[in-house]
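Residues per chain, in single letters:
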Amino acid sequence: MSLKAGIVGLPNVGKSTLFNAITKKHILAANYPFATIEPNVGVVTVPDTRLDFLVELYKPKSIVSTTFEFIDIAGLVSGASNGEGLGNKFLSHIREVDAICHVVRCFDDENITHVEGATDPVRDVEIINTELILSDLEIASNRLGKIEKKAETTKDKDAIKEVEILKKIVNSLERNIPIRLIDFDEEDLLLIKNFNFITAKKVIYIANVDEVSASVGDNEYSLKLKEFANLENSSVVVMCAKLESELADLDNSSKEQFLKDVGISNSGLDKLIFATYDLLGLATFFTAGVDECRAWTFKKGMKAPECAGIIHSDFEKGFIKAEVMSFNDLENLGSEIKVKENGKLRLEGKDYIMQDGDICYFRFNV
């Protein structure tokens, strides 16, 4: 599964510095608005100690981790939905992502210009949210104007349903309520999926703090951001982008020592990746052997044939059974043979709901 997260925020909040850390690429991170003109795209490997264990056990010829694509989008400003700054060009990039990582400045630094003059995380979030809402409102209103006429004249059930949903969306957006906070059922969400509404996407707020605050875990600005995020049931990851960028150039042992020295238990980037996975309802299954050990991303609730289809469409079409063992059983018992001897290797059918950490071999016939 190809997964994308868009990194958004006002100019000079640390987005490009964070992106440097995520991808270990040294892109332009200048101290002026719109330093990032084209969106930068980078792929990050999802850390997973379970895959490390499988590699140690099977000694495979090939190792494939799951990956996550992050897109760094130019700093938005007030009026972006009307073309201010670099405007709608960059709002269009956000429409293509699965989730939004909203970087919010939660530090003071007189050497780094703040486009609004002073640090205020809630105000900054509301500026971005307003622009995203206005952009969605324009699309929803335009579509409503067209489909409403069709619904009135043809009495088409699908058109009538679409009008009903769009009116609900327009009404909410006009009251500054993002689409993700509207109570929709699965059928409704499917109907509006093709619109790629930005405010329908789930959001993680990233509180970009200074190094001192990162070791403590919070400061007055990040606490204000958390209060705001709680009101819309969104999560906040606190990190220091500058610190993460420095960490990105270190090997694993040096990184562990560095984190220990500054008093941080886990890398902020790792926390962000795991939080994004959780936000999107994702999990991991594995295929393992001497040829290859590989981690695969799937959505929680998917059944065995659907997960087989992630590997290859023929696997899903011709699915017969899945041989499954849980990672915990393999780790505890130490080998595949002992898993079988203890009756922990299972044969699962088409209705089996895959679990995080399942290690699978799919039987199929096309």
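(A) Expanded view of a negative patch on the surface. Judged by side-chain charge, Asp156, Asp158, Asp183, Asp185, Glu186 and Glu187 come together as a negatively charged surface patch. Looking at aspartate 185, the relative accessible area reads 40%, which means it is partly exposed.

(B) The layout of surface pockets, seen in detail. A volume near 1200 Å³ is recorded for the largest pocket. As for the largest pocket, its lining consists of 30 residues, and the residues nearest its centre are Leu189, Ala200, Lys201, Lys202 and Lys299. Here the lining of the largest pocket takes four residues from helix α6 (residues 186–192), the largest share from any one element. Among the residues forming the lining of the largest pocket, the class breakdown is 16 nonpolar, four polar and 10 charged. The volume enclosed by the second largest pocket comes to roughly 700 Å³. Considering the residues around the second largest pocket, the lining is formed by 24 residues, among which Pro47, Asn252, Lys255, Ser267 and Asp270 are closest to the centre. Where the lining of the second largest pocket is concerned, the elements lending two or more residues are α1 (15–23), β2 (40–45), α9 (241–247), α10 (252–262) and α11 (268–279). The dominant element in the lining of the second largest pocket, judged by the number of residues it contributes, is α11, at five residues. The residue makeup of the lining of the second largest pocket, split by class, is 12 nonpolar, six polar and six charged.

(C) Geometry of the packing of aromatic side chains. Tallied over the full model, the rule gives 10 aromatic pairs. For the pair phenylalanine 285 and phenylalanine 298, a centre-to-centre distance of 5.8 Å together with 55° between the ring planes defines the contact as tilted. With a gap of 13 residues between them, phenylalanine 285 in strand β8 (residues 282–288) and phenylalanine 298 in strand β9 (residues 292–299) connect regions that are remote in the sequence. Classification of phenylalanine 285 as buried rests on a relative accessible area of 0%. Summarising the aromatic geometry, the rings of phenylalanine 285 and phenylalanine 362 are spaced 6.0 Å apart at their centres and angled 90° between planes, so their arrangement reads as edge-to-face. Here phenylalanine 285 is found in strand β8, whereas its partner phenylalanine 362 is found in strand β12 (residues 358–364), with 77 residues between them in sequence. You can call phenylalanine 362 buried: its relative accessible area is 6%. A cation over a ring is seen here: arginine 294 above tryptophan 296, with NZ or CZ 4.0 Å from the ring centre.

(D) Highlighting empty space enclosed by the protein. In total, this model carries one cavity of 30 Å³ or more according to the counting rule given. Its boundaries defined by the atoms lining it, the largest cavity holds a volume of some 30 Å³. Lining the largest cavity we find Ile100, Asn129, Leu132, Ile133, Pro178, Arg180, Thr199 and Val203. Here the lining of the largest cavity gets three residues from one element, more than from any other, and that element is helix α4 (residues 121–154). Along the lines of polarity and charge, the residues of the lining of the largest cavity split into five nonpolar, two polar and one charged.

(E) Representation of the sheet that holds strand β4 (residues 67–72) within the structure. Judged by pairing direction, the sheet is mixed, and its six strands sit side by side in the order β2-β4-β1-β5-β6-β7 without closing on themselves. Strands with a single pairing partner mark the edges of an open sheet, and in this sheet they are β2 and β7 (235–239). Pairs of neighbouring strands in the sheet enclose a mean axial angle of 25°, with direction left out of account. In terms of strand pairing, strand β1 (residues 4–8) meets β4 through four bridges, oriented parallel. Within β4, the residue paired with glycine 6 across the bridge is isoleucine 71.

Criteria and thresholds
Residues numbered from 1 in each chain as written. Predicted model: local features only at pLDDT ≥ 70, side-chain atom pairs only at ≥ 80, totals over all residues. Heavy atoms only, no water. Patch = residues over 30% accessible without salt bridge, like charges linked within 9 Å, V, L, I, M, F, W, Y side chains within 5 Å. Areas by Shrake-Rupley, 256 points an atom, 1.4 Å probe, with all protein chains shown as cover. Salt bridge = Lys/Arg side-chain N within 4 Å of Asp/Glu carboxyl O. Lys, Arg positive; Asp, Glu negative; His and termini not counted. Charge placed at Lys NZ, Arg CZ, Asp CG, Glu CD. Buried < 20%, exposed > 50% of the residue type's maximum accessible area, 1.4 Å probe, protein only. 1 Å grid on protein atoms, 1.4 Å probe; cavity = no way out; pocket = protein on both sides within 12 Å on 5 of 7 lines; lining within 4 Å. Points joined across faces, edges and corners; volume = space filled by probe spheres on them. Helix = DSSP H or I, 4+ residues; strand = E, 2+ residues; numbered from the N terminus. Nonpolar A, V, L, I, M, F, W, Y, C, P; charged D, E, K, R; others polar. Phe/Tyr/Trp six-rings, centres within 6.5 Å; stacked < 30°, edge-to-face > 60°. Lys NZ or Arg CZ within 6 Å of the ring centre and 35° of its normal. Pairing = 2+ DSSP bridges. Axes fitted to C-alpha atoms, helices over the stretch in contact; angles between N-to-C directions.

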